[in-house]
Amino acid sequence: MRRDGEEAELTFSIVSPTLIIADHTGVPDSFRGTGAGKALVERLVADARAEGVKIVPLCPFVNAQRARHPEWADVFQV
């Protein structure tokens, strides 16, 4: 996600065709309070559902979002 020359990111590692590890979310200070981090996780969840992939939430931010959104339980492997 980019805005005004800055970039927010969510990185992951592919373990297998059906499993990824979400390992890092980075949001610049200029994005804080805008919902950028949550939007990145929402996109990750939507893509995982569409592709039939499970997510291991090693990133603390992704794991916190998982805990706040029980409706996403179908795509997380904890």
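Everything numeric in this text was worked out from a predicted model, so none of it was measured. (Residues numbered from 1 in each chain as written. Predicted model: local features only at pLDDT ≥ 70, side-chain atom pairs only at ≥ 80, totals over all residues. Heavy atoms only, no water.)

Draft legend 1. How the structure looks around the pairing of strand 5 (residues 54–57). In this sheet, strand 5 lies alongside strand 4 (residues 19–26) in parallel orientation, the contact comprising four bridges. Opposite Ile21, over in strand 5, you have Val56 as the bridge partner. Taking the sense of rotation as the criterion, the β-α-β connection linking strand 4, helix 1 (residues 36–51) and strand 5 turns out right-handed. (Pairing = 2+ DSSP bridges. Helix = DSSP H or I, 4+ residues; strand = E, 2+ residues; numbered from the N terminus. Right-handed = clockwise from strand over helix to strand, strands pointing away.)

Draft legend 2. Summary view of the sheet that holds strand 4. One open sheet holds the three strands; their spatial order is 3-4-5, and the pairing between them is mixed. Two strands close off the open sheet at either side, each with one partner strand: strand 3 (9–16) and strand 5. Here the strands of the sheet are splayed against their neighbours by 30 degrees on average, with no regard to which way each runs. Direction of pairing for strand 3 relative to strand 4: antiparallel, over a ladder of seven bridges. From the neighbouring strand, Ile14 faces strand 4, where its bridge partner is Ile20. Lying on the sheet, helix 1 is in contact with strand 3, strand 4 and strand 5; it crosses strand 3 at an angle near 25 degrees. (Axes fitted to C-alpha atoms, helices over the stretch in contact; angles between N-to-C directions. Contact = heavy atoms within 4.5 Å.)

Draft legend 3. A look at the environment of Ala22. Within the fold, Ala22 resides in strand 4. A sequence separation of 38 residues divides Ala22 from Pro60, and the C-alpha atoms of the two residues are 9.3 Å apart. What Ala22 contacts, discounting residues up to four positions off in sequence, is Leu10, Thr11, Phe12, Leu44, Ile55, Val56, Pro57, Leu58, Cys59 and Val62.

Draft legend 4. Local environment of the packing of aromatic side chains. Across all of its chains, the model carries zero aromatic pairs by this definition. Between the NZ or CZ atom of Arg3 and the centre of the ring of Phe31, over which it lies, the distance is 4.4 Å. (Phe/Tyr/Trp six-rings, centres within 6.5 Å; stacked < 30°, edge-to-face > 60°. Lys NZ or Arg CZ within 6 Å of the ring centre and 35° of its normal.)

Draft legend 5. Structural detail: the nonpolar core. By size, the foremost hydrophobic cluster in this structure holds 19 residues, and its most contacted members are Leu10, Ile55, Val62 and Phe76. Here this core gets six residues from one element, more than from any other, and that element is helix 1. Those residues in contact with Leu10, other than ones at most four positions away along the chain, are Ala22, His24, Thr25, Leu40, Val41, Leu44 and Val62. (Core = buried A, V, L, I, M, F, W, Y, C linked by side-chain atoms within 4.5 Å. Buried < 20%, exposed > 50% of the residue type's maximum accessible area, 1.4 Å probe, protein only.)

Draft legend 6. Structural detail: the packing of helix 1 against helix 2 (residues 60–68). Interhelical geometry of helix 1 versus helix 2 gives an angle of 75 degrees and a closest axis separation of 10 Å. As far as their axial angle goes, helix 2 and helix 1 are roughly perpendicular. Facing helix 1, whose interface residues are Gly37, Lys38 and Val41, helix 2 presents Phe61, Val62 and Gln65. Taken together, the residues of the contact of helix 1 with helix 2 sort by class into three nonpolar, two polar and one charged. (Parallel < 35°, antiparallel > 145°, perpendicular 65-115°, else oblique. Nonpolar A, V, L, I, M, F, W, Y, C, P; charged D, E, K, R; others polar.)

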